[in-house]
Amino acid sequence: MGALESKKIVLGVTGGIAAYKAVEIASRLRKAGAEVHVIMTKEATQFVTELTFREITGQPVSVDMWGKVANFNVEHIALANLADLVLIAPATANIMAKIAAGIADDMLSTTVLATKAPVMLAPAMNTNMYENPITQRNMSELRQRGMQLIEPAAGHLACGIEGKGRLPEPVTIVQEVMDFMTGEQPLKSRKIIITAAGTIEPLDPVRFLGNHSTGKMGYAIAAEAARQGADVLLVSGPSALPNPAGVRMKRIQTAREMQAAVEAEYAQADAVIMSAAVADYRPKTVAAEKIKKSDDELVLHLERNPDILWGLGQQKQQQVLVGFAAETCNVEEYAKKKLTKKNLDFIVANDVSAKDAGFAVDNNRVQLYFRDGRTEKYPLMAKSELAKVILDKLAAILP
Ligand code: C5P
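Per chain, residue numbering runs from 1 following the sequence as it is written. Local features in this predicted model are restricted to residues whose pLDDT is 70 or higher, and side-chain atom pairs enter the listing and the counts only when it is 80 or higher, whereas totals over whole chains, interfaces and linings include all residues. The side-chain figures draw on all heavy atoms in the structure; neither hydrogens nor water molecules are used.

### Some points on the sheet that holds strand β19 (residues 367-370)
Part 1 of the argument: Strand pairing requires that DSSP identify at least two bridges connecting the strands. Counting from the N terminus, the helices are the DSSP runs of H or I reaching at least four residues and the strands are the DSSP runs of E reaching at least two. Within the open sheet, the eight strands sit side by side as β12-β11-β8-β13-β16-β17-β19-β20. Their pairing is mixed. The open sheet has two edge strands, β12 (248-251) and β20 (375-377), and neither has a second partner. With strand direction ignored, the average angle separating the axes of adjacent strands in the sheet is 15°. The convention used is that axes are lines fitted to C-alpha atoms, helices contributing only their stretch in contact, and that angles between N-to-C directions extend from 0 to 180 degrees.

### Points about the nonpolar core
Part 1 of the argument: Leu29, Phe53 and Leu87 are the most contacted members of the largest nonpolar core, which totals 35 residues.
Part 2 of the argument: Among the elements of the structure, β1 (8-13), α1 (21-31), β2 (35-40), β3 (85-91), β4 (119-123) and α8 (170-181) are those that each provide at least two residues to this core.
Part 3 of the argument: Top contributing element to this core by residue count: α8, with six residues.
Part 4 of the argument: Residue contacts are counted whenever heavy atoms from the two residues lie within 4.5 Å of one another. In this structure leucine 87 touches Ile9, Val10, Leu11, Gly12, Ile25, Leu29, Met120, Ile150, Ile173 and Val177, once residues within four positions along its chain are discounted.
Part 5 of the argument: Definition used in this section: a nonpolar core is a set of buried Ala, Val, Leu, Ile, Met, Phe, Trp, Tyr and Cys residues joined via side-chain atoms within 4.5 Å. Each residue is placed in one exposure class: buried if its accessible area under a 1.4 Å probe, protein chains only, is under 20% of its type's maximum, exposed if it is over 50%, and partly exposed if it falls in between. Of all hydrophobic cores here, the second largest spans 34 residues; its members include Tyr219, Ala220, Val322 and Phe370.

### Some remarks on the packing of aromatic side chains
Part 1 of the argument: Any Phe, Tyr or Trp ring, taking Trp's six-membered ring, that has another such ring centre within 6.5 Å forms a pair; planes under 30 degrees apart are called stacked, those over 60 apart edge-to-face, and the others tilted. Within this structure, the stated rule accounts for one aromatic pair.
Part 2 of the argument: Two conditions define a charge located above a ring, namely a distance within 6 Å from the ring centre to NZ of Lys or CZ of Arg, and an angle within 35 degrees of the ring normal. Directly above the aromatic system of tyrosine 281 lies the positively charged group of arginine 304, at a separation of 5.7 Å from the ring centroid.
Part 3 of the argument: Sitting over the face of the ring of phenylalanine 370, arginine 374 holds its NZ or CZ atom 4.0 Å from the ring centroid.

### A few points about the environment of proline 379
Part 1 of the argument: Along the chain, the position of proline 379 falls in the loop between β20 and β21 (381-382).
Part 2 of the argument: Here proline 379 falls in the exposed class, since its relative accessible area comes to 55%.
Part 3 of the argument: For proline 379, the residues in contact, after removing those within four places along its chain, are Asn364 and Arg365.

### With respect to helix α4 (residues 93-101)
Part 1 of the argument: Of the residues making up α4, those classed as buried are Ala93, Ile95, Met96, Lys98 and Ile99.
Part 2 of the argument: Among the residues trailing α4, glycine 102 stands out with phi positive, at a value near 75°.

### Remarks on the sheet that holds β4
Part 1 of the argument: Pairing within the open sheet is parallel, and its five strands lie in the order β2-β1-β3-β4-β5. Of all the strands in the sheet, just β2 and β5 (148-149) have a single pairing partner and so form its edges.
Part 2 of the argument: In this sheet, β2 lies alongside β1 in parallel orientation, the contact comprising six bridges. If you follow valine 13 over to β2, its bridge partner there is methionine 40.

### Comments concerning the pairing of β19
Part 1 of the argument: Of the two faces of β19, the one holding Gln367 and Tyr369 and the one holding Leu368 and Phe370 are both buried throughout.
Part 2 of the argument: Sheet topology note: the strand β17 (residues 346-351)/β19 ladder contains four bridges and is antiparallel. Residue pairing for β19: alanine 349 is matched across the bridge by glutamine 367.
Part 3 of the argument: Taking the residues between adjacent antiparallel strands as the criterion, β19 and β20 are bridged by four residues, where glycine 373 takes a positive phi near 100°.

### Focus: helix α10 (residues 255-266)
Part 1 of the argument: Under the convention used throughout, the expected extent of a helix is 1.5 Å for every residue step, that is, one less than its residue count. Counted at 1.5 Å a residue, the expected span for α10 with its twelve residues is 16 Å, and the 16 Å between its end C-alpha atoms agrees.
Part 2 of the argument: Looking only at α10, the buried set comprises Ala255, Met258, Gln259, Ala261, Val262 and Tyr266. Seen end-on, α10 carries its buried residues on one side only, within an arc spanning 165°. The arc in question is the one spanned by the directions pointing from the helix axis to the C-beta atoms.

### Topic: the domain arrangement of the chain
Part 1 of the argument: For the chain, the domain assignment lists domain 1 (8-182) and domain 2 (191-397).
Part 2 of the argument: As used throughout, domain bounds are those supplied by an automatic or database domain assignment. Of note, the centres of domain 1 and domain 2, computed from C-alpha atoms alone, are 36 Å apart.
Part 3 of the argument: Taken together, the seven residues of domain 1 in the interface contact nine residues of domain 2.
Part 4 of the argument: Accessible surface is computed with a 1.4 Å probe, and the buried area is the amount of it that two parts give up when combined, taken over both parts together. Taken together, the two surfaces of domain 1 and domain 2 that pack against each other cover about 690 Å², and 50% of this comes from carbon and sulfur.
Part 5 of the argument: The largest contributions to the domain 1 side of the interface with domain 2 come from Arg143, Gln144 and Arg145, which together make up 62% of the buried area.
Part 6 of the argument: When a carboxyl oxygen of Asp or Glu is within 4 Å of a side-chain nitrogen of Lys or Arg, the pair counts as a salt bridge. For the pair domain 1 and domain 2, the number of links is zero salt bridges.
Part 7 of the argument: With four residues, helix α7 (residues 133-144) is the largest single contributor of residues to the side of domain 1 that touches domain 2.
Part 8 of the argument: Taken together, the residues that form the side of domain 1 that touches domain 2 break down as one nonpolar, three polar and three charged. Each residue gets one of three labels, nonpolar for Ala, Val, Leu, Ile, Met, Phe, Trp, Tyr, Cys and Pro, charged for Asp, Glu, Lys and Arg, and polar for the others, Gly among them.

### A closer look at a nonpolar patch on the surface
Part 1 of the argument: Together, Tyr281, Leu298, Leu300 and Leu302 give the surface a local cluster of nonpolar side chains, amounting to about 390 Å² of exposed area.
Part 2 of the argument: Turning to its location among the elements, tyrosine 281 is positioned in strand β14 (residues 281-283). Surface patches are drawn from residues lacking salt bridges whose relative accessible area is over 30%; two like charges belong together within 9 Å, two nonpolar side chains (Val, Leu, Ile, Met, Phe, Trp, Tyr) within 5 Å. Shrake-Rupley sampling with a 1.4 Å probe provides the accessible areas, and residues are treated as covered by the protein chains on show and by no other component.

Printed below as a string of structure tokens:
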């Protein structure tokens, strides 16, 4: 029996030169046992014919929404509903921009908007288009929405230049599909509390003290933990990011609100991952009315906030505790001190003074320090990849 036996896969093919490779992808998916329904964009039909896919898959091929109806009454909804997975390979910059913006103006984009099935995309395009910040932003949006992106390969591109943007070999893409579809869920039914973003502490009705944390790291961990089957509570300070798919969300503002939300579920939790940048101090008094400017100097009196993680470490039973240490110097020394002081299982440390990693970007470069003295250093990597590393380490420690 094939690894994808009885799985229904909608294969979206968009108009890139790599569209011809989608023929082999369709063929390999079928060989693995999947029922494959191909949707082509109009542009894709310039590169490959519908007939090729119909012969390979043994199924009708959809292109436009207004042509003759083959099998289904409302075809895009029917395909959206039947899919166990929507795979788009190759995915052009254009289709990713449309999905990120919620545009549904052809069969493929409409199906993606209508489906509740997981969506995987294999981007392929010219290096400059791939590296364009608009494309990068769109890919980041798709990841945040829980879609899986298959990393393009580097090499010689059809446009004559060398660089990142090539569609990976069909065998690699199909392997990723199989890993995803048959993927084990190492965190199945585990209760994990994840905190993210920064807390804010009000000064008066219009002002607050805050920090630069955007929540990207914590949201990436929450999305991946949910994908691996965990029951995730994401406690987040103010963040512009959308709720990750499949998590229970609790939005809070202050450190004390975060503490209350975490402690409410701590007793039942299997693990807590504190990636939030919690304010250490809050204004001693919050002015009831907007503070008016008067003297040249304004003195703020601050008082200590509770150290949430330290408190969890004190009451620790079965829970695995993971902390973060964002430092600007002496990363190792400070991180190890926190590991011990807060009674953690491991700590994820990074140097936030680096320009390419840390706050508000999609990448991070970290070291992990474990309770048993182990140290692991990682190169610069996408926060979505780092989320997998952190959860792998967690799964290995969970009792
Ligand atoms: O001591 P420091 O703030 O550097 O430690 C960072 C770790 O402690 C992070 O995991 C952070 O979420 C957590 N923390 C906390 N409560 C605070 C401050 C930090 O739980 N008041």
